[in-house]
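Here's the letter readout for the chains.
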Amino acid sequence: TDPVAIADANNDCTIAADGLDIFGLDTFFGTDAWLTPSDECFWGGVTCRNSSGCLDRIEFESDGLAGTMPLELQNLTDLRFIILEEGATGGTIPSEYGTFPRLHILDLNFNSFTGSVPVELYNTPFLLQLDLNDNFFSGTIATEIGSVQFLQFVQLEANQFIGTVPSEVGSLASLRKYR
């Protein structure tokens, strides 16, 4: 609650952009430090849609973000992008993340995630990109991956998976890249 500390934290926050996203929706990025007494839409690394004010994107890339994926993210039902590339985030992906009704991109590459990829993720109806390379995921790639109707980009290499690529991947009509 110290105004000087808040101002200093906001000055240190350098993520800034706004305009149309890849789908042509008008969005804006916040530039305030997290947990400051401003609306969450003004926090750095967060994007909200101008039309609704709903949280649309969480994006931290190459900034050392650490910790685990909070279960509470599942409550952000309008979230379309979770991009946490090249950080120090780890632990497992909560199976509840398969309930995101609008998630388009899950990009967690170059982190320290472990465990298996939750089968529930393949219930995400509008998932376009699943980018999980360069982590420590293990187990097999579930056959349910073939049920993600709009999946265009899958990147899973440099993990600890066993087995082969499920043949169901061949049924992904929109798939453009699988590594």
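Scroll up to find the structure.
Residues numbered from 1 in each chain as written. Predicted model: local features only at pLDDT ≥ 70, side-chain atom pairs only at ≥ 80, totals over all residues. Heavy atoms only, no water.

Asks: Can you help me understand the pattern of salt bridges in this one?
Replies: Two side chains bearing opposite charge may form a pair once their charged atoms approach each other closely. Counted by the stated rule, this structure contains four salt bridges. The salt bridge partner of Arg-57 is Glu-59, with a shortest N-O separation of 2.9 Å. The buried category is assigned to Arg-57, whose relative accessible area is 12%. The partner of Asp-78 in a salt bridge is Arg-102, and the shortest N-O contact between them spans 3.2 Å. Of this pair, Asp-78 sits in the loop between β5 (66-68) and β6 (81-85) while Arg-102 is found in the loop between β7 (88-91) and β8 (105-107), placing the two residues 24 residues apart along the sequence. (Salt bridge = Lys/Arg side-chain N within 4 Å of Asp/Glu carboxyl O. Buried < 20%, exposed > 50% of the residue type's maximum accessible area, 1.4 Å probe, protein only. Helix = DSSP H or I, 4+ residues; strand = E, 2+ residues; numbered from the N terminus.)

Asks: Would you mind showing me how to read the packing of aromatic side chains here?
Replies: With the rule as written, the count across this model stands at four aromatic pairs. Relative to Phe-100, the ring of Tyr-97 has its centre 5.3 Å away and its plane inclined at 65°; by these criteria the two rings are edge-to-face. By the burial criterion, Tyr-97 is buried, and Phe-100 matches it. Centre to centre, the rings of Phe-137 and Phe-161 are 6.5 Å apart; their planes meet at 10°, and the pair counts as stacked. Highlighted residues: Phe-137 in strand β11 (residues 136-139) and Phe-161 in strand β13 (residues 160-161), separated in sequence by 24 residues. With relative accessibility at 0%, the residue Phe-137 sits in the buried group. Taken together, the aromatic side chains of Phe-113, Phe-137 and Phe-161 make up a single cluster linked through ring pairs. (Phe/Tyr/Trp six-rings, centres within 6.5 Å; stacked < 30°, edge-to-face > 60°.)

Asks: Explain the side chain of Asn-159 here, please?
Replies: With respect to the helices and strands, Asn-159 occurs in the loop between β12 (153-155) and β13. Here the side chain of Asn-159 touches Leu-132 through a polar contact of 3.0 Å, landing on its backbone oxygen. Engagement of the side chain of Asn-159 in a polar contact is seen with the backbone nitrogen of Phe-137, the distance being 3.0 Å. Residues contacting Asn-159, with those up to four places away along its chain left out, are Leu-132, Asn-133, Asp-134, Asn-135, Phe-136 and Phe-137. (Polar contact = N/O pair within 3.5 Å; in protein donor to acceptor, adjacent residues only side chain to side chain. Contact = heavy atoms within 4.5 Å.)

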